[in-house]
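# Reading the structure
These are the residues of each chain, in order.
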Amino acid sequence: MSETEPLTYPLLPLAVACPRCGSGPRQYCTSHGGTRLRRSDVHQDRTRAYRAPLSTARTDDGGQER
Ligand SMILES: [Zn+2]
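Predicted, not measured: the structure shown is a model, and the values here were computed from it.

### Some thoughts on the overall build of the protein chain
Broken down by element type, the protein chain carries 1 helix and 2 strands. Across the protein chain, helices and strands are ordered from the amino to the carboxyl terminus as β-β-α. Summarising the internal contacts of the protein chain: among those between residues at least 6 apart in sequence, 45% fall at separations of at least 24.

### Notes on the confidence of the model for the protein chain
For any part of a model where pLDDT is low, the fine detail of the predicted coordinates should not be relied upon. Across the protein chain, the average pLDDT comes to 81, with 71% of residues at or above 70. Mean pLDDT values over the elements of the protein chain span from 80, in helix α1 (residues 44–57), up to 94, in strand β1 (residues 29–31).

### Remarks on unusual backbone geometry
One non-glycine residue with positive phi stands out, namely Arg26, at about 65°. Here Arg26 is to be found in the segment before β1. Given 14 C-beta atoms within 10 Å, Arg26 falls into the partly exposed group. A positive phi is found at His32, a non-glycine position, where the angle reads about 55°. Taking the C-beta count within 10 Å as the criterion, His32 has 8 such neighbours and is therefore assigned exposed.

### Here's the deal with the environment of Cys21
Examined against the element boundaries, Cys21 turns out to sit in the segment before β1. The partly exposed category is assigned to Cys21, around which 19 C-beta atoms lie within 10 Å. A C-alpha to C-alpha distance of 9.4 Å links Cys21 and His32, two positions 11 residues apart in sequence. Beyond its immediate chain neighbours, meaning those up to four positions away, Cys21 contacts Cys29, Thr30, Gly34 and His43.

Rules behind the numbers
Residues numbered from 1 in each chain as written. Predicted model: local features only at pLDDT ≥ 70, side-chain atom pairs only at ≥ 80, totals over all residues. Helix = DSSP H or I, 4+ residues; strand = E, 2+ residues; numbered from the N terminus. Contact = placed C-beta atoms within 7 Å. pLDDT = per-residue confidence, 0-100. Buried ≥ 20, exposed ≤ 12 C-beta atoms within 10 Å, placed from the backbone.

Below is the structure:
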């Protein structure tokens, strides 16, 4: 994969869209109605969405809904 920048741990979920704030793939999460970028982290929902394809294939995440 030859992307522009390598994503580091907290921002790995940028590869997917955020279900929380609606940011598209490789776009930062936003807070406060989209007025503020979250450059250093993402929403937990997004982290979960990023991991979701894995957990659906192998359901071993303990079923944590929150
Ligand atoms: Zn978000």
